[in-house]
Each structure stands twice: as structure tokens, then as C-alpha cells.
Amino acid sequence: MSFMPWTDSLHLGIDSIDQQHRWLVDTTNQLHDEISSDQPRRKVLAEILEGLVDYTMNHFVLEEALFQHHGYPENEAHKDEHDAFTAQAMKLLLDFEGGAEVGTPTLEFLKEWLLHHILKVDRAYAPFLLAAGVK
């Protein structure tokens, strides 16, 4: 069993977004696996963390572009959530690059944020985008 299993409840029905969410979940599991190994490798942890931050920022750009293109009324509030997460994720990455360890608190933060964001915040826009013809 993985740290954060992908379940049908995480599926929004918008292919591009679901694929990106799946990648984020899978990569969070990779981070868990590396942290849980007998001797976590800092180089691998750095690559995973950098990948998560970069990919997440690109994912946010896609969502925000869809919101703007289709006139999603909660665009600003959603963008504020994105900005807050980006700031926290960048702090984690910079702290790690400065010598801090990555452990369970980081994993729990990522898992809780992803679950909350996908299941609550993203789930709120899915009907709007689906009704606008986004698949």
C-alpha cells in the first residue's frame, strides 16, 4: 500500500488535470519511499522536491489559464490558495537546500494539502469547467 493511494475520489473528470494530479500523488509517494528507505539520498530527495515544486507551479498555471479562459467566478480565491501553497513549498525546498531534513511533517503537509485541494477546492470548479466543455 502506498503512502497516498490514488483513488477514484480524486478523479475530477478533466483529463489534463486528473493526469497532473495523479503525477503529484505518485511523486509524493516517491518522496515517501525515499524518506522511508534505510539511507535516504539527499540528491534524490532534492530532485523529487524540485520536481514537485516545478510541476505544481506548472499545474497551477494550467488551472488558472482554464479559469481565465472560461470566466470561472472563483478564480481569485483559487489563485490565492495556489499562491499560499507555492510559498510554503518554496520554503520547504529552500530549507532543504539549506541543510534541513525532509521527513514526516513534510510528507503529511503535502498529503493533507493535496487531498484538501483536490477533494474540496478543485472539486468545486470541476462542474463549472465540465459544463464549459473542458474534458
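Residues numbered from 1 in each chain as written. Predicted model: local features only at pLDDT ≥ 70, side-chain atom pairs only at ≥ 80, totals over all residues. Heavy atoms only, no water.

Trainee: Just checking my understanding: could you explain the side chain of H59 for this structure?
Mentor: Following the sequence through the fold, H59 ends up in helix 2 (residues 42-70). Judged by relative accessible area, H59 falls into the buried class, the value being 2%. With residues near it in sequence (within four places) discarded, H59 still touches I17, Q20, H21, L24 and D122. (Helix = DSSP H or I, 4+ residues; strand = E, 2+ residues; numbered from the N terminus. Buried < 20%, exposed > 50% of the residue type's maximum accessible area, 1.4 Å probe, protein only. Contact = heavy atoms within 4.5 Å.)

Trainee: When you look at the side chain of H82 in this model, what are you seeing that I'm missing?
Mentor: By the element assignment, H82 lies in helix 3 (residues 75-97). Exposure remark for H82: the relative accessible area of 0% places this residue in the buried category. Of note is the side chain of H82, whose polar atom sits 3.4 Å from the side chain of H117. Once you skip the residues sitting within four places of it in the chain, H82 turns out to touch F60, E63, E64 and H117. (Polar contact = N/O pair within 3.5 Å; in protein donor to acceptor, adjacent residues only side chain to side chain.)

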